[in-house]
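Results of the structural survey
As a plain string of letters, each chain reads:
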Amino acid sequence: MKAIVQDGYGSADVLHLREIDKPVVTEGRVLVRVRAASVNALDWHSVHGGKMIQTVSKLMRQPEQPVRGVDVAGQVEAVGAGVTRFAPGDEVFGGAPAAFAEYASAREKGLVLKPHNVSFEQAAAVGVAGVTALQGLRDKAQVKPGQRVLICGAGGGVGTFAVQIAKALGAHVTAVTSTRNLDLVRTLGADEVIDYTQEDFTRRADRYDAVFDVAANRSLSEMRGVLKPNGTLVLAGADRRGGSAIFTRIISAFARSRVLRQRIIFYVANSNQEDLLVLKELIETGKVRPVIDRTYPLSEGAEAVRYLGSGQARAKVVITM
């Protein structure tokens with residue numbers, strides 16, 4: 001089968017289309033014929049992260065995986081022994097390592113049936129971004145109806161889901177994004193939209209119960225300044241400078257959260273079947289709509305990762321088979 005294989009680190013130039021063996025169906029796993037796979041910041045950092053990513057993977061005891069991609073949508077090709085939820089032909093979406101390929105092997109618990117009202121491309125866009133937004137707002141920020149929520153980076157992959165999920169939770173949503181994304185974010189239900197190229201949101205008098213920061217381009221002090229005294233700052237994005245900048249921000253957030261009334265939370269989303277089912281329901285009831293900026297064929301997988309890292313992408317970037 002064809003797959004996008006990473007050979008080294010540094011830039012998207014290390015990603016190549018190659019022929020590799022199709023995954024073998026094993027106990028408890030589902031072989032998926034991939035119809036679409038979305039690109040995440042994780043893929044960009046994995047390509048650019050070099051030794052830092054290698055070290056973290058070893059500390060977390062994660063096996064090195066040369067094929068990128070974790071979000072998938074497609075049709076079940078075969079199931080292993082013990083799999084009871086799915087059968088060949090089922091249309092599914094969720095998480096699978098090495099998703100930038102014609103076939104991917106997923107855990108049974110990593111998949112759910114695809115929403116009936118979206119395409120494979122839209123379903124593939126949900127995974128990491130949707131779960132990150134859901135867990136950050138519902139679980140970490142504990143958003144309640146009537147609360148005021150500020151979302152920084154509202155035009156990106158996670159941000160577009162965050163705007164819609166915050167509204168579904170009953171919040172009053174203020175979205176911070178760039179000029180080109182204003183109309184898009186308005187269509188997603190934001191109550192107020194701030195163009196950060198024209199206005200510094202930290203200079204406003206408004207204060208928020210929760211700030212959901214995907215952009216990671218303002219200091220923790222500035223972000224705390226727009227919170228209510230007992231508000232919560234949720235750090236969902238990684239500093240684009242990568243490496244030590246990411247860890248410095250995490251350590252600073254941890255240290256400040258120990259001494260302040262305001263909560264500062266950094267987290268990494270934990271993808272699970274239960275939350276994928278929640279997102280499926282939100283999509284099928286029309287409360288959430290996956291948004292796609294561009295699609296690329298598998299042969300242009302390197303270009304898809306390069307575009308995501310260019311800073312010009314909005315919403316999701318998807319690779320199609």
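Residues numbered from 1 in each chain as written. Predicted model: local features only at pLDDT ≥ 70, side-chain atom pairs only at ≥ 80, totals over all residues. Heavy atoms only, no water.

Description of the overall build of the protein
Let me state the cut-off plainly: Helical segments are the DSSP runs of H or I of at least four residues, strand segments are the runs of E of at least two, and each set is numbered from the N terminus. Burial classification: accessible surface area is computed with a 1.4 Å probe over protein chains only, and a residue below 20% of its type maximum counts as buried, one above 50% as exposed, and the rest as partly exposed. Between two residues, a contact is recorded if the distance between any of their heavy atoms is within 4.5 Å. Accessible surface is estimated by sampling points in the Shrake-Rupley manner with a 1.4 Å probe; for residues, cover comes only from the protein chains shown.
Along the protein, the regular secondary structure elements total ten helices and 15 strands. Taken across its 321 residues, the protein has 50% of its residues classed as buried. Residue pairs at least 24 apart in sequence account for 66% of intrachain contacts in the protein once pairs closer than 6 positions are excluded. Summed over all atoms, the accessible surface of the protein reaches about 14,500 Å², with 49% contributed by carbon and sulfur.

Topic: the nonpolar core
Operational definition: In plain words, nonpolar cores are sets of buried Ala, Val, Leu, Ile, Met, Phe, Trp, Tyr and Cys residues tied together by side-chain atoms within 4.5 Å.
In terms of nonpolar packing, the biggest core is built from 49 residues, with L137, I151, V163, I165 and F212 touching the most fellow members. Among the elements of the structure, α3 (120-124), α4 (127-140), β8 (148-152), α5 (157-168), β9 (172-177), α6 (182-187), β11 (208-213) and α9 (273-284) are those that each provide at least two residues to this core. Formed by 30 residues, the second largest nonpolar core is a distinct cluster that contains V30, A99, A104 and L111.

Describing the side chain of R218
Condition: Each polar contact in these results corresponds to two N or O atoms within 3.5 Å; when the atoms are within protein, one needs to be able to donate a hydrogen and the other to accept it, and residues that are neighboring in sequence are counted only if both atoms are side-chain atoms.
Within the element layout of this structure, R218 appears in the loop between β11 and α7 (220-225). Here E222 takes part through its side chain, which lies 3.1 Å from a polar atom of the side chain of R218.

Examining the sheet that holds β9
Where we set the bar: We call two strands paired when DSSP finds no fewer than two bridges between them. Helix axes are fitted only over the stretch in contact, all axes being lines through C-alpha atoms; the angle between N-to-C directions runs from 0 to 180 degrees.
Pairing in this open sheet of six strands is parallel, and the strands run β10-β9-β8-β11-β12-β13 from one edge to the other. The sheet is open, and its two edges are formed by β10 (192-195) and β13 (263-266), each paired on a single side. This sheet shows a mean twist of 15° between the axes of neighbouring strands, independent of strand direction. Against the sheet, α4 makes contact with β8, β11, β12 (227-235) and β13, and its axis sits at roughly 155° relative to β11, the strand it touches most.

Observations concerning the pattern of salt bridges
Put simply, the test is: The rule for a salt bridge is simple: a side-chain nitrogen of Lys or Arg has to be within 4 Å of a carboxyl oxygen of Asp or Glu.
Enumeration according to the criterion identifies 17 salt bridges in this entry. Residue R306 pairs with E303 through a salt bridge whose shortest N-O separation is 2.4 Å. Remark: E303 and R306 occur in helix α10 (residues 301-308); sequence separation between them is three residues, near one turn of the helix. One connected set of salt bridges, linked through shared partners, spans R148, E192, E199, R204 and D206.

With respect to the packing of aromatic side chains
As a reminder, the rule being used: Any pair of Phe, Tyr and Trp rings, taking the six-membered ring for Trp, is counted once the centres come within 6.5 Å. Such a pair is stacked with planes under 30 degrees apart, edge-to-face with planes over 60 apart, and tilted for the rest. Counting as a charge over the ring demands two things of the Lys NZ or Arg CZ atom: a distance within 6 Å of the ring centre and an angle within 35 degrees of the ring normal.
Enumeration according to the criterion identifies one aromatic pair in this entry. A centroid spacing of 6.4 Å and a plane angle of 50° characterise the contact between Y296 and Y307, whose relative ring orientation is tilted. Placement of Y296 in strand β14 (residues 292-297) and of Y307 in helix α10 is noted, with a sequence separation of eleven residues between them. Assessed through its relative accessible area of 10%, Y296 is described here as buried. The lysine or arginine in question, K114, covers the ring of F120, its NZ or CZ lying 5.2 Å from the ring centre. Here the basic side chain of R294 rests over the ring of Y307, its NZ or CZ set 3.9 Å away from the ring centre.

Observations regarding the pairing of β12
Pairing of β11 with β12 involves five bridges; the strand directions are parallel. Across the sheet, the residue bridging to F212 is V234, located in β12. The pairing of β12 with β13 spans four bridges and is classified as parallel. Looking at the pairing, T232 lines up with R263 of β13.

Observations concerning α4
At 3.6 residues per turn, the α-helix brings residues three or four places apart onto the same side. Counted only if it meets this: To estimate how far a helix should extend, the number of its residues minus one is multiplied by 1.5 Å.
Taking 1.5 Å of rise per residue, 14 residues should cover 20 Å, and α4 covers 18 Å from first to last C-alpha, within 8% of that figure. When you tally the buried positions in α4, you get ten out of 14 residues, the bulk of the element. Just downstream of α4, Q142 is the residue with a positive phi angle, here 55°.

A look at the packing of α4 against α9
This is how it is decided: Orientation is classified from the angle alone, with under 35 degrees giving roughly parallel, over 145 giving roughly antiparallel, 65 to 115 giving roughly perpendicular, and any other angle giving oblique. Only Asp, Glu, Lys and Arg are considered charged in this grouping, and only Ala, Val, Leu, Ile, Met, Phe, Trp, Tyr, Cys and Pro are considered nonpolar; every other residue, Gly among them, is considered polar.
Interhelical geometry of α4 versus α9 gives an angle of 95° and a closest axis separation of 10 Å. Taken together, α4 and α9 sit at an angle that is classed as roughly perpendicular. Packed against α4, whose contacting residues are G127, G130, V131, L134, Q135 and R138, the element α9 presents D275, L276, V278 and L279 at the interface. When its residues are assigned to classes, the contact of α4 with α9 shows five nonpolar, three polar and two charged.

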